[in-house]
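Letter by letter, the chains look like this.
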Amino acid sequence: MFPDDLQALAEHVVGRAIDRGLTLATAESCTGGLVAGALTAVAGSSAAVDRGFVTYSNAAKMQMLGVAEATLAAHGAVSRETALEMAQGAVERSEAQVAVSITGIAGPGGGSPDKPVGLVHFGSDGPAGPRHVERRFEGLDREGVRLTSVRQALEMLLEQME
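Basis of the calculations
- Residues numbered from 1 in each chain as written.
- Predicted model: local features only at pLDDT ≥ 70, side-chain atom pairs only at ≥ 80, totals over all residues.
- Heavy atoms only, no water.
- Buried < 20%, exposed > 50% of the residue type's maximum accessible area, 1.4 Å probe, protein only.
- Helix = DSSP H or I, 4+ residues; strand = E, 2+ residues; numbered from the N terminus.
- Pairing = 2+ DSSP bridges.
- Phe/Tyr/Trp six-rings, centres within 6.5 Å; stacked < 30°, edge-to-face > 60°.
- Contact = heavy atoms within 4.5 Å.
- Polar contact = N/O pair within 3.5 Å; in protein donor to acceptor, adjacent residues only side chain to side chain.
- Axes fitted to C-alpha atoms, helices over the stretch in contact; angles between N-to-C directions.
- Parallel < 35°, antiparallel > 145°, perpendicular 65-115°, else oblique.
- Left-handed = near helix turned anticlockwise from the far one by under 90°.
- Nonpolar A, V, L, I, M, F, W, Y, C, P; charged D, E, K, R; others polar.
- Core = buried A, V, L, I, M, F, W, Y, C linked by side-chain atoms within 4.5 Å.

Asks: I keep staring at the pairing of strand β4 (residues 119-125) and nothing clicks. Help me out?
Replies: The two faces of a sheet get side chains in turn, since along a regular strand they alternate between them. Here β4 lies mainly inside the structure; 7 of its 7 residues are buried. Here β4 shows two buried faces, one formed by Leu 119, His 121, Gly 123 and Asp 125 and the other by Val 120, Phe 122 and Ser 124. Both strand β3 (residues 98-104) and β4 contribute to a ladder of 6 bridges, which runs antiparallel. Looking at the pairing, Gly 104 lines up with Val 120 of β4. Bridge count between β4 and strand β5 (residues 131-136): 6 bridges; the pairing is antiparallel. Within β5, the position partnered with Leu 119 by the bridge is Arg 136.

Right, here's the structure in full:
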């Protein structure tokens with residue numbers, strides 16, 4: 001289902017979480033649950049994965065993760081601020097100690113000059129504290145943006161567990 005290198009990375013993340021006694025949560029928008037899917041494709045992942053939030057709409061981000069309406073109004077769904085609030089909300093509203101969030105524009109439509117197709121914001125929260133990464137995946141189609149985003153999210157989970 002996932003490319004071999006991505007599946008190997010997910011296995012590494014799950015193994016690290018189990019070794020450290022940590023549980024994981026995901027808060028996903030443009031990836032629609034692909035990060036949680038990659039993690040739960042790993043045999044034995046139930047020892048490390050608590051839950052995944054798929055919060056595609058702004059209402060879901062507010063209801064499920066506690067993203068502030070003021071944050072969405074001021075910065076939009078695709079922003080540093082929203083990504084950080086999503087990750088923090090995933091930790092606060094789950095049994096997980098480590099979470100990653102993704103919000104972006106996978107395309108092919110929906111972009112603007114300020115927020116083009118391929119712009120993705122990532123947040124994470126956990127032992128290393130809140131983190132943010134912004135990426136612009138230019139020239140990739142929708143699937144490419146989404147799969148590349150999964151890779152970035154898995155890497156951020158690893159960083160949180162270092």
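Asks: Would you explain the packing of aromatic side chains in this entry?
Replies: Any pair of aromatic rings gets described here by the distance separating the centres and the angle formed by the planes. This structure, assessed with the given rule, holds 1 aromatic pair. The interplanar angle of 80° and the centroid separation of 6.5 Å between the aromatic rings of Phe 122 and Phe 137 together place this pair among those described as edge-to-face. Taken together, the residues Phe 122 in strand β4 and Phe 137 in the loop between β5 and α6 (142-160) connect sequence positions 15 residues apart. Using a relative accessible area of 0% as the deciding quantity, one classes Phe 122 as buried. Using a relative accessible area of 12% as the deciding quantity, one classes Phe 137 as buried.

Asks: Any chance you could explain the environment of Lys 115 here in plain terms?
Replies: The residue Lys 115 is located in the loop between β3 and β4 in this model. Placed 39 residues apart in sequence, Lys 115 and Gly 76 show a C-alpha to C-alpha distance of 10.0 Å. If near-sequence neighbours (up to four positions away) are discounted, Lys 115 is found in contact with His 75, Gly 76, Val 78, Ser 79 and Ile 105. A distance of 2.8 Å separates the side chain of Lys 115 from the backbone oxygen of Val 78, its partner in a polar contact.

Asks: Explain the packing of helix α1 (residues 4-20) against α6 to me, please; I cannot follow it from the model alone.
Replies: The packing of two helices is summarised by the inter-axis angle and the distance between the axes. Where α1 meets α6, the closest approach of the two axes is 10 Å, and the angle between their N-to-C directions is 25°. As the angle between them shows, α1 and α6 are arranged roughly parallel. The interaxial crossing formed by α1 with α6 has left-handed handedness. Across the interface between the two elements, Asp 5, Leu 6, Leu 9, Ala 10, His 12, Val 13 and Arg 16 from α1 touch Leu 147, Val 150, Arg 151, Leu 154, Glu 155, Leu 157 and Leu 158 from α6. Each residue belonging to the contact of α1 with α6 can be placed in one class, and the counts come to 9 nonpolar, 1 polar and 4 charged.

Asks: Looking at this structure, I do not really get the nonpolar core. What am I missing?
Replies: Judged by nonpolar contacts, the single largest core of 33 residues is most densely connected at Val 13, Leu 24, Val 35, Leu 39, Leu 154, Leu 157 and Met 161. Contributions of two or more residues to this core are made by α1, α2 (34-40), β3, β4 and α6. The leading source of residues in this core is α6, at 7 residues. Residue contacts for Leu 24: discarding those within four places in its chain leaves Val 13, Ala 17, Leu 39, Ala 48, Val 49, Asp 50, Arg 51, Ala 96, Val 98, Leu 157 and Met 161. Ala 27, Val 67, Ala 90 and Ala 96 belong to the second largest nonpolar core, which has 12 residues in total.

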